[in-house]
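So the chains spell out like this:
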Amino acid sequence: MTLLGKIFGYYSQYTGMSILMSLFFVALAYVALKDKNRNNKTIILYGTVGILFLIFNPLLYYVYSTYVDAGSYWRVFWILPMAIGIAYVGAELVKDHRITGFLLLIFALFLGGKLVYTISPEFKFATNEYHINQSTVDVADYLDTLDLDHYMVAVPYEMLADIRQYNINIRMPYGREQYDEKWGIRTGFFELMIADNVDFSLLADKCRFNNTKYLVINAGKPQLDDPGENGFTLLKSVGGYEIYEYMGI
Amino acid sequence: MAIAQIVVCFIFWLVLAPFCVGILPTFFLEKRPRHLGTTYMLGWVLTCAVFQLIAVPFIIKGYFLSDLVRSFMICMGILSISGLIVQIVDIGNGVSDKWIELPSLKKMSRADIVTWIIFGVLMIFQMVMSYIYMTPDGDDAYYITHAQISTQLETMYRMDAYTGIIGAPDYRHALAPFPMFIAFLSKRSSLHAAIVAHSVLPLFLIPLSYLAYYKVGSLLFEDNREKIGPFMVIIAAVSMFGGASFYTKETFFLTRIWQGKSLVISFMIPVVTYLLLLLAKHSGKQYVSKRRIFGIYFVMFIANIACALMSSLGLFLVLMYTFVMMVVISIRNKKLWIVLTGLITMIPGFIFMGLYVFM
């Protein structure tokens, strides 16, 4: 794929199925044809043209992906004054018919936009002021009663990003860096923990090697072998998770 | 700490202190009496810039968070008192006959008042949602954890946030130490860093961002102020319905405002847009006020440093944005000095970007 093709790919990734970017270009056309304010036109119209020329320039893409961060070029679209452009023209159009204008706007956004609070299934009403899953908080509170000074804790995938935000005393053999395969640093320990079944015999080797005395496992996850026969003791069930202690260290 | 003490702590550090400090940059920028909103907005910019200038050397030298907190408090104290002295002198010299200019409700029509009420409802809804609705993000595993590490253990960027293993200092990310600002607030309020970031900061940063948009609107509609209300309503609506993907500015604004890069795009880019609109306006006149132009560039200089606190990537984006806009203004107003002088204001940004690339 050419560099320009990649840039358009990031553009599609950024805009999704929303009409907002289209509304922005319509607003720019309005400013070009109707706006008489020189200073506003300079920033909103000509400034945007300059920014678009820069963003869709393969040279900038090359510099960005080489020296800044490959894979996140969609961030450069943040500098487009989209909301300001839409609101500037919108304010002009609704000035004499505000109620009708606002209702039309809400209707258009409802149909063609997406409410930010609905973009992820993980977004939900908070159960505590930390804004961390309560089950993670409960597990972390129990772990805090154990010997965390000398040993590490292995946790499941869904806790990786949150548990150390809440309690930094919990040290882990792997962390959130495991999330993205593109980072290329997945460990065998992590792979075992995210597998569909719990293999305590293989986990025992990993625990010994990584000085990990405690495992947090989703309760109800199928177990391939008996934890007791592999040196694990169930300490507590909390928040839908089981906390095991490895006796082989 | 009792709840009242915690509330007073946040109001002091996130409202009063920036307000007093903000009197200084408006000394060059505004006619008197000073506008309440401009003073507060620029106060935040200067506060962030001061924090950046203190934090980066402290982190690189391996000092503790308490050292940073103490030094920052002393600097803010000096700047706040200086700001108050400037204001008192202005009033004493008759330059200003009142402390601050407040918006006047008497000049507004019923339609204007209803429009502003609609905006207020939308903004308050978003603030309430930021408190009661959790929007988890993997990047917090880095930012919030570092903030809590520093609050609890005093060390700054000396530990791997993801695993808790002591390692080599992370100087690269330490160049944009906004988590240390969260740690500062956590230290002063005795609240956990996650609570400060997720539950408290959005209540201040969302209105702050809208204030920056309001200042942009006040320049766009300088001669038609009745359009500012509809402008703000549309900004708020677009922000709420802008979740086209995880990547949009609007998603970052309302679901991750406590992260530095989100604050850059939600607050600093509108601030820079405000400054650029001022520049376009004042440089286009036949008589160009040198004091006013100096004021704009001075605040732009500080804004670059403030952006460096929040995000290295965000700083890169702001530098690009500023440069393109200044070139356009320069061409439109036929004044080459606009972009040449603008490059000087970007020097702090270039320095921090250079450090980021070579560290």
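Note that the coordinates shown come from a computational prediction; the quantities given were computed from them, not determined experimentally.

Peer 1: So what exactly am I meant to see when it comes to the interface of chain A and chain B here?
Peer 2: When the parts come together, some accessible area is lost, and that loss is often what is quoted as the size of the interface. Taken together, the contacts link 80 residues of chain A with 86 residues of chain B. When chain A packs against chain B, close to 7800 Å² is buried across both sides, 70% of that on carbon and sulfur atoms. Looking only at chain A, the three residues that lose the most surface to chain B are Trp78, Tyr117 and His131 of chain A, adding up to 11% of its buried area. For the pair chain A and chain B, the number of links is two salt bridges. We note a salt bridge from Glu92 of chain A to Lys227 of chain B, for which the minimum N-O separation is 2.3 Å. Our count for the chain A to chain B interface comes out at 30 residue pairs in polar contact (both at pLDDT 80 or more). Contributing elements (two or more residues each) for the side of chain A that touches chain B: α1 (3–15), α3 (38–55), α4 (58–68), α5 (82–94), α6 (98–112), β1 (124–125) and α8 (163–166) of chain A. In terms of residues, the side of chain A that touches chain B owes the most to one element, α3 of chain A, which gives 13 residues. Class assignment for the residues of the side of chain A that touches chain B results in 47 nonpolar, 19 polar and 14 charged. Across two bridges, β1 of chain A lies against strand β1 (residues 133–134) of chain B in antiparallel orientation. For Lys124 of chain A, the partnering residue across the bridge sits in β1 of chain B and is Met134 of chain B.

Peer 1: Explanation requested: a nonpolar patch on the surface in the structure shown.
Peer 2: Residue and element names in this part refer to chain B. On the surface, a cluster of nonpolar side chains totalling about 1000 Å² of accessible area is made up of Ile60, Phe301, Phe323, Leu336, Leu340, Leu343, Ile344, Ile347, Phe350, Ile351, Leu355 and Met359. Secondary structure elements with two or more residues in the nonpolar patch: α14 (337–345) and α15 (347–358). Considering each element in turn, the nonpolar patch owes the most residues, four residues, to α15. Relative to the assigned elements, Ile344 resides in helix α14.

Peer 1: Help me understand the side chain of Lys335 of chain B, please; the structure alone is not making it clear to me.
Peer 2: Position of Lys335 of chain B relative to the elements: it lies in the loop between α13 (312–333) and α14. Of the side chains bearing the opposite charge, Glu222 of chain B lies closest to the buried Lys335 of chain B, which forms no salt bridge; the N-O distance is 16 Å.

Peer 1: Sorry if this is basic, but what is going on with helix α2 (residues 36–61) of chain B here?
Peer 2: One full turn of an α-helix is made of 3.6 residues, so residues set three or four places apart face in the same direction. Residues and elements named next belong to chain B. Taking 1.5 Å of rise per residue, 26 residues should cover 38 Å, and α2 covers 38 Å from first to last C-alpha, within 8% of that figure. Most of α2 is tucked away, with 21 of its 26 residues classed as buried. Looking at the residues trailing α2, positive phi occurs at Gly62, about 80°.

Peer 1: Mind showing me how you'd approach the packing of aromatic side chains here?
Peer 2: Centre-to-centre distance and the angle between the planes together describe a pair of aromatic rings. For the structure shown, the criterion picks out 47 aromatic pairs over all chains. Judged by centre distance (6.2 Å) and plane angle (85°), the rings of Tyr117 of chain A and Phe125 of chain B are edge-to-face. Here Tyr117 of chain A, found in the loop between α6 and β1, pairs with Phe125 of chain B, found in helix α4 (residues 110–132), and the two come from separate chains. Note on Phe125 of chain B: relative accessible area 38%, which makes it partly exposed. Between Tyr174 of chain A and Phe190 of chain A, the ring centres sit 5.5 Å apart and the planes meet at 70°, which makes this aromatic pair edge-to-face. With Tyr174 of chain A in the loop between α8 and α9 (188–194) and Phe190 of chain A in helix α9, this residue pair connects regions lying 16 residues apart in the sequence. The class of Tyr174 of chain A is buried, set by a relative accessible area of 1%. Here Phe190 of chain A falls in the buried class, since its relative accessible area comes to 1%. Among the aromatic residues, those joined into a ring-pair cluster are Phe12, Trp13, Trp44, Phe51, Phe72, Phe178, Phe181 and Phe184 of chain B. Directly above the ring of Phe27 of chain B sits Arg291 of chain B, whose terminal nitrogen or CZ lies 4.8 Å from the centroid.

Peer 1: Where do I start with unusual backbone geometry in this structure?
Peer 2: Note: most residues except glycine have negative phi, and most peptide bonds are trans. Its identity as a non-glycine residue notwithstanding, Asn211 of chain A has a phi of 55°, on the positive side. Within the secondary structure layout, Asn211 of chain A lies in the loop between α10 (200–209) and β3 (212–218). Judged by relative accessible area, Asn211 of chain A falls into the partly exposed class, the value being 31%. A positive phi angle, near 55°, is found at Lys334 of chain B, a position not held by glycine. Within the secondary structure, Lys334 of chain B sits in the loop between α13 and α14. We classify Lys334 of chain B as exposed; its relative accessible area is 73%.

The rules behind each value
- Residues numbered from 1 in each chain as written.
- Chains lettered and ligands numbered in written order.
- Predicted model: local features only at pLDDT ≥ 70, side-chain atom pairs only at ≥ 80, totals over all residues.
- Heavy atoms only, no water.
- Contact = heavy atoms within 4.5 Å.
- Buried area = accessible area lost by both parts, 1.4 Å probe.
- Salt bridge = Lys/Arg side-chain N within 4 Å of Asp/Glu carboxyl O.
- Polar contact = N/O pair within 3.5 Å; in protein donor to acceptor, adjacent residues only side chain to side chain.
- Helix = DSSP H or I, 4+ residues; strand = E, 2+ residues; numbered from the N terminus.
- Nonpolar A, V, L, I, M, F, W, Y, C, P; charged D, E, K, R; others polar.
- Pairing = 2+ DSSP bridges.
- Patch = residues over 30% accessible without salt bridge, like charges linked within 9 Å, V, L, I, M, F, W, Y side chains within 5 Å.
- Areas by Shrake-Rupley, 256 points an atom, 1.4 Å probe, with all protein chains shown as cover.
- Buried < 20%, exposed > 50% of the residue type's maximum accessible area, 1.4 Å probe, protein only.
- Lys, Arg positive; Asp, Glu negative; His and termini not counted.
- Expected span 1.5 Å × (residues − 1).
- Phe/Tyr/Trp six-rings, centres within 6.5 Å; stacked < 30°, edge-to-face > 60°.
- Lys NZ or Arg CZ within 6 Å of the ring centre and 35° of its normal.

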